[in-house]
Amino acid sequence: TQLLEQSPQFLSIQEGENLTVYCNSSSVFSSLQWYRQEPGEGPVLLVTVVTGGEVKKLKRLTFQFGDARKDSSLHITAAQPGDTGLYLCAGPRRDDKIIFGKGTRLHILP
Amino acid sequence: KAGVTQTPRYLIKTRGQQVTLSCSPISGHRSVSWYQQTPGQGLQFLFEYFSETQRNKGNFPGRFSGRQFSNSRSEMNVSTLELGDSALYLCASSPGEGRRVQYFGAGTRLSVL
């Protein structure tokens, strides 16, 4: 069964600090996506990574897809309160159904 | 361009009742997917519709059903509600088949008492 495991489950850090959250699987994915969900809203797509070893940057956010396409990481530099939210990774299973990890709930303290 | 619109935003029902949720996708989008989000299970795929046809279905009982209309608007129905059906139901639309880029609505929060 293809699963996506996200860690840590919860993270609370001070504004200005750096952090990394992870999305891991024992299975290969053709692509992975990262979303951010804020309270009372639906998830918003941040990035899609497709190629093993790929690195994408979105301002202070850096996304990396593992060489073997089994894992991905999201690194945030100089976290700000506006980064607070639930970060979800998602990918297509072999049967084309999209699966999501359970997410990392990030809280940035001002 | 308007985003994905889900109605109603909040709903309270009792066990045994049925409920219908509505989703209007982004104009021009023909694919609509539905997800259930709970604290314990996270986001789980319910089904996907493209051009009025169900393309894929998740592992949910037959009490969960959906449909898509010719204008791409979609509805999902849950019959014989159970307490465990309490969740945030999210709809996502995509320009084409395959759900590679999904735009989510704000969801309908269903509480079953």
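Predicted model, so just to flag it, every value in this text is computed and none were measured.

S.K.: Is there a simple way to explain the overall build of chain B in this structure?
M.R.: In terms of regular secondary structure, chain B is built from zero helices and 11 strands. The helix and strand sequence of chain B, counted from the amino end, reads β-β-β-β-β-β-β-β-β-β-β. In terms of overall dimensions, chain B is globule-like: its C-alpha atoms have a radius of gyration of 13 Å, near the 13 Å expected for 113 residues. C-alpha atoms of chain B, sized along the principal axes, occupy 35 × 25 × 25 Å. By residue count, 51% of the 113 residues in chain B fall in the buried class. If you take every contact in chain B between residues at least 6 apart in sequence, the share linking residues at least 24 apart comes to 55%. Here chain B contributes 13 positive and 6 negative side-chain charges, whose respective centroids are spaced 4 Å apart.

S.K.: Where do I start with the nonpolar core in this structure?
M.R.: Within soluble globular proteins, side chains that are nonpolar tend to cluster in buried spots. By size, the foremost hydrophobic cluster in this structure holds 22 residues, and its most contacted members are Leu-4, Leu-19, Leu-32, Trp-34, Phe-63, Leu-74 and Ile-76 of chain A. Among the secondary structure elements, those contributing two or more residues to this core are β3 (19-24), β4 (32-37), β5 (44-49), β7 (61-65), β8 (71-76), β9 (85-92) and β11 (104-109) of chain A. If we ignore the near neighbours within four places in the chain, the residues touching Leu-4 of chain A are Cys-23, Asn-24, Ser-25, Phe-29, Leu-32, Cys-89, Ala-90, Gly-91, Ile-99, Phe-100, Gly-101 and Lys-102 of chain A. Counting residues in each nonpolar core, the second largest holds 21 residues, with Ile-26, Val-32, Trp-34 and Met-76 of chain B among its members.

S.K.: Honestly, the sheet that holds strand β1 (residues 5-7) of chain B in this entry has me stumped. Any pointers?
M.R.: Within a sheet, each strand pairs with its neighbour through backbone hydrogen bonds, oriented either parallel or antiparallel. Residues and elements named next belong to chain B. With respect to topology, four strands assemble into an open sheet ordered β1-β3-β8-β7, the strand pairing being antiparallel. Two strands close off the open sheet at either side, each with one partner strand: β1 and β7 (64-68). Taking each pair of neighbouring strands and ignoring which way they run, the sheet shows an average axis angle of 15°.

S.K.: What is the right way to look at the pattern of salt bridges in this model?
M.R.: Where charged atoms from two side chains of opposite charge approach closely, those side chains can pair. Summed over all chains, the structure comprises seven salt bridges over all chains. Here Arg-60 of chain A ties to Asp-83 of chain A by a salt bridge, and the two come within 2.9 Å at their closest N and O atoms. One end of the pair, Arg-60 of chain A, is in the loop between β6 (55-58) and β7; the other, Asp-83 of chain A, is in the loop between β8 and β9, and 23 residues separate them in sequence. Between Glu-75 of chain B and Arg-67 of chain B there is a salt bridge whose closest N-O contact spans 3.3 Å. The class of Glu-75 of chain B is buried, set by a relative accessible area of 16%.

S.K.: Sorry if this is basic, but what is going on with the pairing of strand β4 (residues 31-38) of chain B here?
M.R.: Strand residues, when the strand is regular, have side chains that alternate between the two faces of the sheet. Residue and element names in this part refer to chain B. With eight of its eight residues buried, β4 lies for the most part within the structure. Here β4 shows two buried faces, one formed by Ser-31, Ser-33, Tyr-35 and Gln-37 and the other by Val-32, Trp-34, Gln-36 and Thr-38. Where β4 and strand β5 (residues 42-50) come together, eight bridges link them in antiparallel fashion. Paired with Tyr-35 across the two strands is Phe-45, which belongs to β5. The antiparallel pairing of β4 with β5 creates a hairpin that spans three residues between the two strands. One ladder, built from seven bridges, connects β4 with strand β9 (residues 87-94); its direction is antiparallel.

S.K.: Hey, could you run me through the state of the cysteines in this one?
M.R.: Each disulfide is one covalent bond, formed between the sulfur atoms of two cysteines. All names here are of chain B. The full count for this structure, using the stated rule, is two disulfides over all chains. One disulfide bridge connects Cys-23 with Cys-91, the sulfur atoms lying 1.8 Å from each other. Residues Cys-23 and Cys-91 are joined by a disulfide whose S-S torsion is about -55°; by sign, that bridge is left-handed. Taken together, the residues span a long stretch of sequence, with Cys-23 in strand β3 (residues 19-24) and Cys-91 in strand β9 at a distance of 68 residues.

S.K.: Just checking my understanding: could you explain the environment of Thr-104 of chain A for this structure?
M.R.: Residues and elements named next belong to chain A. Examined against the element boundaries, Thr-104 turns out to sit in strand β11. Residues Thr-104 and Gln-9, spaced 95 residues apart in sequence, show a C-alpha to C-alpha distance of 4.6 Å. With near-sequence residues (within four places) excluded, Thr-104 lies in contact with Gln-6, Ser-7, Pro-8, Gln-9, Val-21, Gly-85, Leu-86 and Tyr-87.

S.K.: Looking at this structure, I do not really get unusual backbone geometry. What am I missing?
M.R.: Of the consecutive residues Ser-7 of chain A and Pro-8 of chain A, the connecting peptide bond is found in the cis state with omega at -10°. As for its position among the elements, Pro-8 of chain A is in the loop between β1 (5-7) and β2 (10-14). Between Thr-7 of chain B and Pro-8 of chain B the backbone carries a cis peptide bond, its omega angle lying at -10°. The backbone of Ser-51 of chain B shows a phi angle near 50°, a positive value even though the residue is not glycine. As for its placement among the helices and strands, Ser-51 of chain B is situated in the loop between β5 and β6 (53-57). With relative accessibility at 31%, the residue Ser-51 of chain B sits in the partly exposed group. Look at Glu-52 of chain B: it is not a glycine, yet its phi comes out positive at around 70°. Relative to the helices and strands, Glu-52 of chain B is located in the loop between β5 and β6.

About the thresholds
Residues numbered from 1 in each chain as written. Chains lettered and ligands numbered in written order. Predicted model: local features only at pLDDT ≥ 70, side-chain atom pairs only at ≥ 80, totals over all residues. Heavy atoms only, no water. Helix = DSSP H or I, 4+ residues; strand = E, 2+ residues; numbered from the N terminus. Rg over C-alpha atoms; globule rule 2.2 N^0.38 Å. Buried < 20%, exposed > 50% of the residue type's maximum accessible area, 1.4 Å probe, protein only. Contact = heavy atoms within 4.5 Å. Lys, Arg positive; Asp, Glu negative; His and termini not counted. Charge placed at Lys NZ, Arg CZ, Asp CG, Glu CD. Core = buried A, V, L, I, M, F, W, Y, C linked by side-chain atoms within 4.5 Å. Pairing = 2+ DSSP bridges. Axes fitted to C-alpha atoms, helices over the stretch in contact; angles between N-to-C directions. Salt bridge = Lys/Arg side-chain N within 4 Å of Asp/Glu carboxyl O. Disulfide = S-S within 2.5 Å.

Fair warning: the whole summary comes from geometry, so function is off the table for now.
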